[in-house]
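Report on the structure
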Amino acid sequence: PESSPALLTGGGSRILNDLHIVVNKAGLDSRMHYSHPAFADPRFSKNLSQAELEEIYIEGLGSDDVFVWPELTNNFNPSMKAQLEKNGGITIRWILGKHDNGHDRHEPEVLHLAATNWIQRAHLAPGPLLEPPVPEYIHAAAAERQSWRSFKEDGSDFRATEDDPGGAPLVLLDGDSIIDPEVLTVLLKEKAERAGIPSPKVQVFDGLNRDQVIEAYKRAKVFVDVNFPGMELGNIEAVLFDVLPLIADDHNGSDRDDYP
């Protein structure tokens, strides 16, 4: 990747780590150049040493091996692909999101694996789509409707928390949004005062641990996301808690297959 692996803490890195873990759980042997500690499972995450990685580049893949390239990898090129595949192994370009820097251009000789219908069509990418990798703990928390149902009905049942003693209705703002959360807070407060309803609290959806994520989904009424290049898993998870996604009519946000 272009960035230091230690800095890759976004959704793309998380999902790639999740794929790595699932493959190992299935009894296969998956290795990562860098398994991020924030997403690693000590039982199933396995790193490649630098020497092992260099050996693969020199000797090529084995005939049954698969090499997955993230879409932002800057040294993916036809000569490297040919070197890796000389023994019969295959390489796959993982296209999780849409970018404007040329890294995600369609290359006829490359097998692309797309995250959304919109990206698949944009790249003429063959093969199945990636299923949204919603973690099991999210499904389990969403199934406990009695623990969050009252938050969705009106503002009167919102409970106070340590971070928010007033228990205001919650609006989640995706972490990569270009919207200023302070400006959005002021605008929503003005609208709420005119309507005679409780003023909502805006929370940036970023840097939360597992318990904080679940609590945010339980309390939120709206998930705002206007920067929409890829799978955008937060929207998909939030819907399971009856959170209304407010999304941009752009990229796959405008795709009626991805978001009917």
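One can find the structure itself at the top, above this paragraph.
Structure report, in brief. Bear in mind that the values here come from a model prediction, so they are computed numbers and not experimental data.

**Side note on the pattern of salt bridges**
- Enumeration according to the criterion identifies 5 salt bridges in this entry.
- The salt bridge partner of Asp 29 is Lys 46, with a shortest N-O separation of 3.6 Å. A residue pair is termed long-range when its members are at least 10 positions apart, and Asp 29 in the loop between α1 (11-25) and α2 (50-59) and Lys 46 in the loop between α1 and α2 qualify at 17 residues.
- What makes Asp 29 exposed here is its relative accessible area of 53%.
- With relative accessibility at 33%, the residue Lys 46 sits in the partly exposed group.
- Close ionic contact of Lys 81 with Glu 85 constitutes a salt bridge, the shortest N to O distance being 2.9 Å.
- Each member of the salt-bridge network shares a partner with another, and the members are Asp 29, Arg 31 and Lys 46.

**Here's the deal with the nonpolar core**
- In terms of nonpolar packing, the biggest core is built from 19 residues, with Ile 138, Leu 172, Phe 205, Tyr 217, Phe 223, Phe 241 and Val 243 touching the most fellow members.
- For this core, the secondary-structure elements that each account for two or more residues are α5 (136-143), β4 (170-174), α7 (210-219), β6 (220-225) and α8 (233-239).
- In this structure, Phe 205 is in contact with Leu 172, Leu 173, Asp 174, Gly 175, Val 213, Ala 216, Tyr 217 and Phe 223, ignoring residues within four places of it in sequence.
- Counting residues in hydrophobic clusters, the runner-up holds 5 residues, among them Val 171, Leu 173, Val 202 and Val 224.

**As for the packing of aromatic side chains**
- Across all of its chains, the model carries 5 aromatic pairs by this definition.
- When the ring of Phe 205 is compared with that of Tyr 217, the centres are 5.3 Å apart and the planes differ by 35 degrees; the resulting orientation is tilted. On the criterion of sequence distance, the pair formed by Phe 205 in strand β5 (residues 201-205) and Tyr 217 in helix α7 is long-range, its members being 12 residues apart. Each member of the pair, Phe 205 as well as Tyr 217, is classed as buried.
- Seen from the ring of Tyr 137, Arg 210 lies directly overhead, with NZ or CZ sitting 4.0 Å from the centre.

**Observations regarding a nonpolar patch on the surface**
- A contiguous nonpolar patch, built from Val 66, Val 68, Ile 90 and Leu 111 and spanning about 290 Å² of accessible area, is present on the exposed surface.
- Along the chain, Val 68 falls in strand β1 (residues 66-70).
- On the basis of relative accessibility, which here comes to 34%, the residue Val 68 falls in the partly exposed class.

**Looking at the sheet that holds strand β2 (residues 90-95)**
- Taking strand neighbours across the sheet as the criterion, the 3 strands line up as β1-β2-β3 in an open arrangement whose pairing is parallel. Pairing within the sheet leaves two strands with one partner each, and these edge strands are β1 and β3 (111-114). Taken over all neighbouring pairs, the strand axes of this sheet differ in orientation by 30 degrees on average, direction set aside.
- Where β1 and β2 come together, 5 bridges link them in parallel fashion. The residue bridging Val 66 from the neighbouring strand is Ile 90, located in β2.

Criteria and cut-off values
- Residues numbered from 1 in each chain as written.
- Predicted model: local features only at pLDDT ≥ 70, side-chain atom pairs only at ≥ 80, totals over all residues.
- Heavy atoms only, no water.
- Salt bridge = Lys/Arg side-chain N within 4 Å of Asp/Glu carboxyl O.
- Helix = DSSP H or I, 4+ residues; strand = E, 2+ residues; numbered from the N terminus.
- Buried < 20%, exposed > 50% of the residue type's maximum accessible area, 1.4 Å probe, protein only.
- Core = buried A, V, L, I, M, F, W, Y, C linked by side-chain atoms within 4.5 Å.
- Contact = heavy atoms within 4.5 Å.
- Phe/Tyr/Trp six-rings, centres within 6.5 Å; stacked < 30°, edge-to-face > 60°.
- Lys NZ or Arg CZ within 6 Å of the ring centre and 35° of its normal.
- Patch = residues over 30% accessible without salt bridge, like charges linked within 9 Å, V, L, I, M, F, W, Y side chains within 5 Å.
- Areas by Shrake-Rupley, 256 points an atom, 1.4 Å probe, with all protein chains shown as cover.
- Pairing = 2+ DSSP bridges.
- Axes fitted to C-alpha atoms, helices over the stretch in contact; angles between N-to-C directions.

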